[in-house]
Amino acid sequence: MSRKFRIEDNELLDQSHYPVKAVFNMVNDERFEKVILGVCNNIGFGENYGACAFWDDLDDYDKANTEFYEGAEFGLHSGEEIIITPKELLYYLNLICKKYCQDYLKNQEEILKWLEIYKDKNGISQ
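Owing to the predicted nature of the structure, the values given are computational and were not obtained by experimental measurement.

The rules behind each value
Residues numbered from 1 in each chain as written. Predicted model: local features only at pLDDT ≥ 70, side-chain atom pairs only at ≥ 80, totals over all residues. Heavy atoms only, no water. Helix = DSSP H or I, 4+ residues; strand = E, 2+ residues; numbered from the N terminus. Buried < 20%, exposed > 50% of the residue type's maximum accessible area, 1.4 Å probe, protein only. Contact = heavy atoms within 4.5 Å. Pairing = 2+ DSSP bridges. Phe/Tyr/Trp six-rings, centres within 6.5 Å; stacked < 30°, edge-to-face > 60°. Lys NZ or Arg CZ within 6 Å of the ring centre and 35° of its normal. Core = buried A, V, L, I, M, F, W, Y, C linked by side-chain atoms within 4.5 Å.

Novice: Explanation requested: the environment of Gly123 in the structure shown.
Specialist: In this structure, Gly123 sits in the segment after helix 5 (108–121). Once the C-alpha coordinates of Gly123 and Lys21 are considered, the two residues, 102 residues apart in sequence, prove to be 24 Å apart.

Novice: How should I be thinking about helix 1 (residues 18–26) in this particular structure?
Specialist: Residues lying three or four places apart along an α-helix face the same way, a consequence of the helix completing one turn every 3.6 residues. Most of helix 1 is tucked away, with seven of its nine residues classed as buried. Within the span of helix 1, buried status applies to Pro19, Val20, Lys21, Ala22, Val23, Phe24 and Asn25. Check the buried side of helix 1 and you find it contacts helix 2 (29–40), strand 1 (45–47), strand 2 (50–53), strand 3 (72–76), strand 4 (81–84) and helix 4 (86–103).

Novice: Hey, could you run me through the pairing of strand 4 in this one?
Specialist: Two faces make up the sheet, and in a regular strand the side chains alternate between them. Judged by which residues are buried, strand 4 turns out to be one-sided: Ile82 and Ile84 face inward and are buried, whereas Glu81 and Ile83, on the alternate face, are not. The pairing of strand 3 with strand 4 spans four bridges and is classified as antiparallel. Paired with Glu73 across the two strands is Ile83, which belongs to strand 4.

Novice: Help me understand unusual backbone geometry, please; the structure alone is not making it clear to me.
Specialist: A negative phi angle is the norm for most residues apart from glycine, just as the trans form is the norm for most peptide bonds. With a phi angle near 60°, Asn42 is a residue other than glycine that sits in the positive phi range. Note on placement: Asn42 falls in the loop between helix 2 and strand 1.

Novice: Just checking my understanding: could you explain the packing of aromatic side chains for this structure?
Specialist: The geometry of two aromatic rings is summed up by the distance between their centres and the angle between their planes. Tallied over the full model, the rule gives seven aromatic pairs. Here a set of aromatic residues connected by ring pairs shows up, and it is made of Phe24, Phe45 and Phe74. Cation over ring: Lys21 sits above Phe5, and NZ or CZ is 5.6 Å from the ring centre.

Novice: Before we go on, may I ask you to explain the nonpolar core in this structure?
Specialist: The tendency in soluble globular proteins is for nonpolar side chains to be buried side by side. Core analysis: the largest hydrophobic core is formed by 34 residues, its most contacted members being Phe24, Ile36, Phe74, Leu89 and Leu93. Those elements that place two or more of their residues in this core are helix 1, helix 2, strand 3, strand 4, helix 4 and helix 5. Ranked by the residues each element gives to this core, the list is headed by helix 4, at nine residues. Beyond its immediate sequence surroundings of up to four residues, Ile36 is in contact with Phe24, Leu93, Ile96, Cys97 and Trp114.

Below, the structure written as structure tokens:
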């Protein structure tokens, strides 16, 4: 069962986080697990109209021309972008993974492990 949206407007921590919603909502069910495994390992991804990038995803040119940031940058091809903190990203990961696991129970245990990896990599204790 596929959901139309992984994140709804009323679930955003802030309206400026719209690019997070838009980019995660672009990920189809077939790619979801691969994308989430990457994000939990601080590896970004791209979709047709947007992308998620971590500092280590940037090449030397971009690093030289971008102020250092922790967390992840979500951007749309329209130019709208936002950098969110690791804790904010964890909120969205928990939200979308919970919904995904409701639809695909067989993979819940593995996805929960990936979320723990993300917390460990980013020094988040919860």
